Number of protein chains: 2
Amino acid sequence: MKGKAVIYTQDKFVQNYAKTAHGLIRGSERYEVVAVIDRAHAGQEAGTLLDGEARAIPIFGDLQAWLETGSEAKYFIIGIANTGGILDRAWFPTIKAAIHAGMDIVCGMHESMAEIPEIADLARARGVKLIDVRRPKRREDLHFWTGEIREVTCPIVPVLGTDCAVGKRTTAKMLVEAFRARGKKAEMIYTGQTGWMQGWNYGFMFDATLNDFVSGELEHAIVTCFRQEKPDIIFVEGQAALRNPSGPCGSEFLVSGGATGVILVHAPARTFHKGWDKMNKQIASVASEITLIEAYDVPVQGMALNTMGMESEEAKAFQASYRAQFGLPVVLPVEEGVEDLLEIWMG
Amino acid sequence: MKGKAVIYTQDKFVQNYAKTAHGLIRGSERYEVVAVIDRAHAGQEAGTLLDGEARAIPIFGDLQAWLETGSEAKYFIIGIANTGGILDRAWFPTIKAAIHAGMDIVCGMHESMAEIPEIADLARARGVKLIDVRRPKRREDLHFWTGEIREVTCPIVPVLGTDCAVGKRTTAKMLVEAFRARGKKAEMIYTGQTGWMQGWNYGFMFDATLNDFVSGELEHAIVTCFRQEKPDIIFVEGQAALRNPSGPCGSEFLVSGGATGVILVHAPARTFHKGWDKMNKQIASVASEITLIEAYDVPVQGMALNTMGMESEEAKAFQASYRAQFGLPVVLPVEEGVEDLLEIWMG
């Protein structure tokens, strides 16, 4: 039974920073999203605004306006992320109002709400829970890499990207759904807070794990999934990018995670790494990204394009061009789905 | 003023697992090593056994034998590491004896001594300190990457390796010393517990840092060092290897750490990744390692060879062969020093 939830995105619903909100609107087994609170997008419908598909999720300008409708929800979810994972103090009045209204607060930032006295004290007084999704595990609950990954006999496919917030998790989710629609057993290993909030059963918080245990936690999640579900294929949600300046990620999937091949997600209209445009940190070319991935001895098997900032014709031109240049299947997930990638594993 | 210290290596002094002991015997600004406790090597001299250079550090078979000489030391240092960082219960009797003798215990494992009641209670009763070097920093003390690394105008040179425990820190230390011997200002950024124990002033514990903050902690250490010391060059102690199966490391140095070039350390006689030989995890070729590093857009500028398991002639043959194959300076640090690498930066 899903818990009803309101998602808060301040005024950033249409930005990449609201990717937690976007992921939950695309679907969650854990929460039923009943409303979004966003000052800049009041009166619109969240699904339509996200990708053109209506989902009957109204956007309110502030929490009070939603409360006045007489609706109720158990959870208030912080649906935006910041670089560095610090809670923005500008969010506090709304978070406190949600606590006053009796809602449990769900947050995936590094900063723990439980360690902020003005939030923690209020929550205690009001009797609501503070759910810090990204709180690091205790040392004794962490797994070190063992090599058991070799037991897994199905394909293991990390969905990597050339940048952050480019659609890795969404592409992986769509691939799982496409396999399931054909009667196959597919699973996704989550590696971030939104994946957990969506209700995936196997995974860990990549960036909130002590570095020495990242490979072991990854292996443990994949091996446990394989033993319990006996899936036909396992997709793994990638994180950041191999050359993301503020924290490169990806080699763990390729070296320790038993990857049999990679799906690469790329946003052709994006020139600079997200958040670092002022620093002139250009995203490398797709060709050089494929060279780097394959230097880790894992083949890139297909691509998915994020078409944000492009007209339909332009997106299709990039799709055709990458297909020709690399001889790989290339999909536009939001526009056309991911069906064309299935041939990789189904022959 | 250095603190006198006894180092414990169980019976593994000659193995790679004792690399913390080896590093401290090679030199520390923090501790003066007065004895080693190692059951299998009693009666020998630690420096001679390590690299043929006598340092007047006697090895005793057990702590009691050393105590009976009437010597005193403030610190008892665990000088061996385990995969996964769990304290070996076979070490406990000796650790307890050291606590009884009034020594502070220094340990660089992930497992915290303070959380082991039989150790913590005894230490409290005896009034000695438990110094858990690798204890993770608190969230509020961690730095996220900012891009300030661009301020650094001197060369930044990570010393990477094709495997764990191959001589990265020792090579970096020797490079700093060689620069200083020529009247230049050089610094090493430590990234592991042995580096901290050696007394280097700038650095962090790479593998005990939450993954999202590794790049920021690295940047913060380098930038702080640069601002305070104004060095001519900064070497960075690498960790593990880019394709180390139990936890790949290295991309952070290349992508976020402002690396201007890499020194690559390799052990030609080693076939399998340390600890994973039963799993047939072969170390990649030097050529493929250079390809991988340079796919991150940083050049490999020179090499250092670990000659363990080789006769002198064989080592020299590898040296000549790599020089010819890659057109790079290649040194045998323990046998010949690292002087031949200095030309890279001094012209």
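Each remark here, short or long, concerns the structure printed above.
Think of each chain on its own: its residues are numbered from 1, step by step along the sequence as written. Throughout, the order in which chains and ligands are written sets their labels, letters from A for the former and numbers from 1 for the latter. pLDDT decides what is reported in this predicted model: residues at 70 or higher carry local features, side-chain atom pairs at 80 or more are listed and counted, and totals for whole chains, interfaces and linings draw on all residues regardless. The side-chain values count all of the structure's non-hydrogen atoms but skip hydrogen atoms and water molecules.

## Here we look at the environment of E343(B)
Residue and element names in this part refer to chain B.
Here comes step 1: Inspection of the secondary structure puts E343 in helix α13 (residues 343-346).
Here comes step 2: Working definition: with a 1.4 Å probe on protein chains only, accessible area under 20% of the residue-type maximum means buried, over 50% means exposed, and in between means partly exposed. What makes E343 partly exposed here is its relative accessible area of 49%.
Here comes step 3: Between the C-alpha atom of E343 and that of R243, which follows or precedes it by 100 residues, the distance is 29 Å. Counting from the N terminus, the helices are the DSSP runs of H or I reaching at least four residues and the strands are the DSSP runs of E reaching at least two.

## Examining unusual backbone geometry
For residues that are not glycine, phi is negative in most cases, and the peptide bond is trans in most cases.
Here comes step 1: A positive phi angle, near 70 degrees, is found at D297(A), a position not held by glycine.
Here comes step 2: Look at D297(A) and you get exposed, because its relative accessible area is 58%.
Here comes step 3: For A165(B), which is not glycine, the phi dihedral falls at a positive 45 degrees.
Here comes step 4: Mapped onto the secondary structure, A165(B) falls in the loop between β7 (156-161) and α6 (168-181).

## Let's talk about the pairing of strand β12 (residues 300-305) of chain A
Note on strand geometry: in a regular strand, side chains alternate between the two faces of the sheet.
Residue and element names in this part refer to chain A.
Here comes step 1: For β12, the buried fraction is high: five of the six residues fall into the buried class.
Here comes step 2: Paired strands, as defined in this entry, are two strands with at least two bridges between them according to DSSP. One ladder, built from five bridges, connects strand β11 (residues 262-266) with β12; its direction is parallel. Bridged to I263 within β12 is G302.
Here comes step 3: A crossover gets the label right-handed when its path from the first strand over the helix to the second runs clockwise, viewed with the strands pointing away from the viewer. With respect to chirality, the unit in which β11 leads through helix α10 (residues 286-295) into the neighbouring parallel β12 is right-handed.

## A word on the interface of chain A and chain B
Here comes step 1: Opposite the 43 residues of chain A that make contact, chain B presents 43 residues.
Here comes step 2: By convention, the term buried area covers the 1.4 Å-probe accessible surface removed from two parts as they join, with the contributions of both added. When the two sides are added together, the surface that chain A and chain B hide from each other amounts to roughly 3600 Å², 59% of it contributed by carbon and sulfur.
Here comes step 3: The three residues of chain A that bury the most area against chain B are W145(A), L210(A) and N211(A), which together make up 17% of that side's buried surface.
Here comes step 4: Only one rule defines a salt bridge in this text: a Lys or Arg side-chain nitrogen within 4 Å of an Asp or Glu carboxyl oxygen. Across the contact surface, chain A and chain B share two salt bridges.
Here comes step 5: Between D297(A) and R243(B) there is a salt bridge, with the nearest N and O atoms lying 3.2 Å from each other.
Here comes step 6: Among the elements of the structure, α8 (214-229), α9 (251-255) and α10 of chain A are those that each provide at least two residues to the side of chain A that touches chain B.
Here comes step 7: Among the elements that take part in the side of chain A that touches chain B, α9(A) stands out by supplying three residues, more than any other. In this description, contact between two residues means that some pair of their heavy atoms is separated by no more than 4.5 Å.

## Some remarks on the relation of the copies chain A and chain B
Here comes step 1: Least squares is used to superpose the copies, and the fit set is the C-alpha atoms of residues whose pLDDT is at least 70 in both copies. Rotating chain A by 180 degrees about the axis while translating it 0.0 Å along that axis superimposes it on chain B, leaving an RMSD of 0.0 Å. Look at the turn and shift together and you get a two-fold axis relating the two. Considering only C-alpha atoms, the part of chain A nearest the rotation axis is L210(A), at 2.1 Å.
Here comes step 2: In this assembly the copies share their binding face: 98% of the residues contributing to the interface of chain A also contribute to that of chain B.

## A look at helix α1 (residues 19-26) of chain A
Residues and elements named next belong to chain A.
Here comes step 1: When you tally the buried positions in α1, you get six out of eight residues, the bulk of the element.
Here comes step 2: Residues of α1 that are buried: T20, A21, H22, G23, L24 and I25.
Here comes step 3: Against β1 (3-10), β2 (31-38), α2 (46-51), β4 (75-78), α6 (168-181) and α7 (193-198) lie the buried residues of α1.
Here comes step 4: Backbone geometry just downstream of α1 places G27 in the positive-phi region, at approximately 145 degrees.

## Here we look at the sheet that holds strand β5 (residues 104-107) of chain A
Strand pairs in the sheet, formed through backbone hydrogen bonds, run parallel or antiparallel to each other.
Residues and elements named next belong to chain A.
Here comes step 1: With parallel pairing, six strands are arranged side by side in an open sheet as β3-β2-β1-β4-β5-β6. One side of each edge strand has no neighbouring strand; the edge strands of this open sheet are β3 (59-60) and β6 (130-132).
Here comes step 2: For β5 and β6, the ladder comprises three bridges, and the chain directions are parallel. Its bridge partner being in β6, C107 is matched across the sheet by D132.
Here comes step 3: Its contacts with the sheet put helix α4 (residues 92-100) on β1, β4, β5 and β6, and the angle it makes with β4 is roughly 165 degrees. Inter-axis angles, ranging from 0 to 180 degrees, are taken between N-to-C directions of lines fitted to C-alpha atoms, where helices are fitted over the stretch in contact.

## A closer look at the pattern of salt bridges
All names here are of chain B.
Here comes step 1: All chains considered together, the criterion is met by 46 salt bridges over all chains.
Here comes step 2: We note a salt bridge from K12 to D11, for which the minimum N-O separation is 3.3 Å.
Here comes step 3: According to the relative accessible area criterion, D11 is partly exposed, its value standing at 27%.
Here comes step 4: Put simply, E339 and R182 hold a salt bridge, and the shortest N to O gap is 2.8 Å. Taken together, the residues span a long stretch of sequence, with E339 in the loop between α12 (333-336) and α13 and R182 in the loop between α6 and β8 (186-190) at a distance of 157 residues.
Here comes step 5: Judged by its relative accessible area of 39%, E339 falls in the partly exposed class.
Here comes step 6: Take R182: its relative accessible area is 44%, and that puts it in the partly exposed class.

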